[in-house]
Amino acid sequence: MLDCLPGSSHCFGASDASTAEGTDSPETLALASRFANIDGGYKLVDTDNQGYGIYFDEEDEKFLFFRESRWCVADDRGDPIDECYCTSNRTKSKDPSSAKWGDGLRITVVDLEQSQRDVFDVNSCIDERFVDPDFPPTSAALGQGACE
């Protein structure tokens, strides 16, 4: 039985997706880059046979995975290291946010549930102001005191 991402041809073994729980890999990550095609939110969708997380950015259809002692961002989780858009320095960390990255790339762990609560809380003070749908008004984006 395969689990497929909504609107996508990317599928994963149902049993593999459940093994992601209990690993050292964060559930959700935010990747910030000057390159829009890899920038975005990545969710843990699977783990490899060594327990490293495999992440997927549904919007850009990009994978973040561990290969040859480096974290890699590519079109497919099976892509060789030389076809990755970017790679981290060599590491053993199962958390890609703790790896060293070049080219101004930054990865942070995101608590998705907290982010959704932030959007709800901030929305209560927005009134009739313009809201850009591509940049939701979270407290992290607006800063402290935005609703005061």
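Keep in mind that what you see is a predicted model, and the values were worked out from it rather than measured.

J.: Would you take a moment to explain the overall build of the protein chain for this structure?
T.: From N to C terminus, the protein chain includes three helices and nine strands. From first element to last, N terminus to C terminus, the protein chain shows the α and β order β-β-α-β-β-β-β-β-β-β-α-α. Counting across all 148 residues of the protein chain, residues that qualify as buried make up 35%. Within the protein chain, contacts between residues separated by at least 24 positions form 36% of all contacts whose residues are at least 6 apart in sequence. Element-wise, carbon and sulfur atoms account for 47% of the exposed surface of the protein chain, whose accessible area totals about 9200 Å².

J.: How should I be thinking about unusual backbone geometry in this particular structure?
T.: If a residue is not glycine, its phi is most likely negative; likewise, a peptide bond is most likely trans. In this model, Glu-61 sits at a positive phi of 50°, which is unusual for a non-glycine residue. Within the secondary structure, Glu-61 sits in the loop between strand E5 (53-57) and strand E6 (62-67). Even without a glycine there, the phi angle at Ser-69 is positive, about 65°.

J.: Whenever I open this one, the state of the cysteines confuses me. Can you help?
T.: Each disulfide is one covalent bond, formed between the sulfur atoms of two cysteines. Taken as a whole and assessed by the stated rule, the structure comprises one disulfide. Put simply, Cys-72 and Cys-84 are joined by a disulfide, and their sulfur atoms are 1.6 Å apart. On the sign convention where negative is left-handed, the bridge of Cys-72 and Cys-84, at about -95° about the S-S bond, is left-handed. Highlighted residues: Cys-72 in strand E7 (residues 70-74) and Cys-84 in the loop between E7 and strand E8 (86-87), separated in sequence by 12 residues. A residue is classified by how much of its surface remains accessible, and Cys-84, at 14% relative accessible area, is buried.

J.: I'm lost on the sheet that holds E5 in this one. Help?
T.: In a beta sheet, neighbouring strands are held together by backbone hydrogen bonds and run either parallel or antiparallel to one another. Taken in spatial order, the seven strands make up an open sheet running E8-E7-E6-E5-E4-E3-E9, and their pairing is antiparallel. In the strand order of this sheet, the two ends are held by E8 and strand E9 (106-109), each with one partner.

J.: Would you explain the pattern of salt bridges in this entry?
T.: A side chain with one charge may pair with a side chain of the opposite charge, provided their charged atoms come close. Counted according to the given criterion, the structure contains two salt bridges. Among the salt bridges present, the one from Asp-46 reaches Arg-77, with a minimum N-O distance of 2.8 Å. Taken together, the residues Asp-46 in strand E4 (residues 40-47) and Arg-77 in the loop between E7 and E8 connect sequence positions 31 residues apart. Looking at Asp-46, the relative accessible area reads 2%, which means it is buried.

J.: Just checking my understanding: could you explain the nonpolar core for this structure?
T.: Nonpolar side chains in soluble globular proteins tend to end up buried together. Formed by 16 residues in total, the largest nonpolar core has its most connected members in Tyr-42, Leu-64, Trp-71, Val-73 and Trp-101. Broken down by secondary-structure element, the contributors of at least two residues to this core are strand E3 (28-32), E4, E6 and E7. Once residues lying within four places of it in the same chain are set aside, the contact partners of Trp-101 are Leu-64, Trp-71, Cys-72, Val-73, Cys-86, Thr-87, Ser-88, Pro-96 and Ile-107. Membership of the second largest hydrophobic core comes to nine residues, among which are Phe-63, Phe-65, Cys-72 and Cys-84.

Conventions and cut-offs
- The numbering scheme is per chain: residues are counted from 1 as the chain's sequence reads.
- In keeping with the model being predicted, local features are shown solely for residues with a pLDDT of at least 70 and side-chain atom pairs are shown and tallied solely at 80 or more, while totals for entire chains, interfaces and linings include all residues.
- With hydrogens and water excluded, all non-hydrogen atoms of the structure serve as input to the side-chain values.
- Each helix is a run of H or I in the DSSP string that is no shorter than four residues. Each strand is a run of E no shorter than two, and both are numbered from the N terminus.
- Partly exposed residues are those whose accessible area sits between 20% and 50% of the maximum for their type, while under 20% is buried and over 50% is exposed, using a 1.4 Å probe and protein chains only.
- The contact rule is simple, with two residues in contact once any of their heavy atoms fall within 4.5 Å.
- Accessible surface is estimated by sampling points in the Shrake-Rupley manner with a 1.4 Å probe; for residues, cover comes only from the protein chains shown.
- Pairs of cysteine sulfur atoms within 2.5 Å are identified as disulfides in what follows.
- Strand pairing is defined by DSSP finding a minimum of two bridges between the two strands.
- Each salt bridge in this description consists of a side-chain nitrogen of Lys or Arg and a carboxyl oxygen of Asp or Glu lying within 4 Å of one another.
- Residues belong to a common nonpolar core when they are buried Ala, Val, Leu, Ile, Met, Phe, Trp, Tyr or Cys residues joined through side-chain atoms within 4.5 Å.

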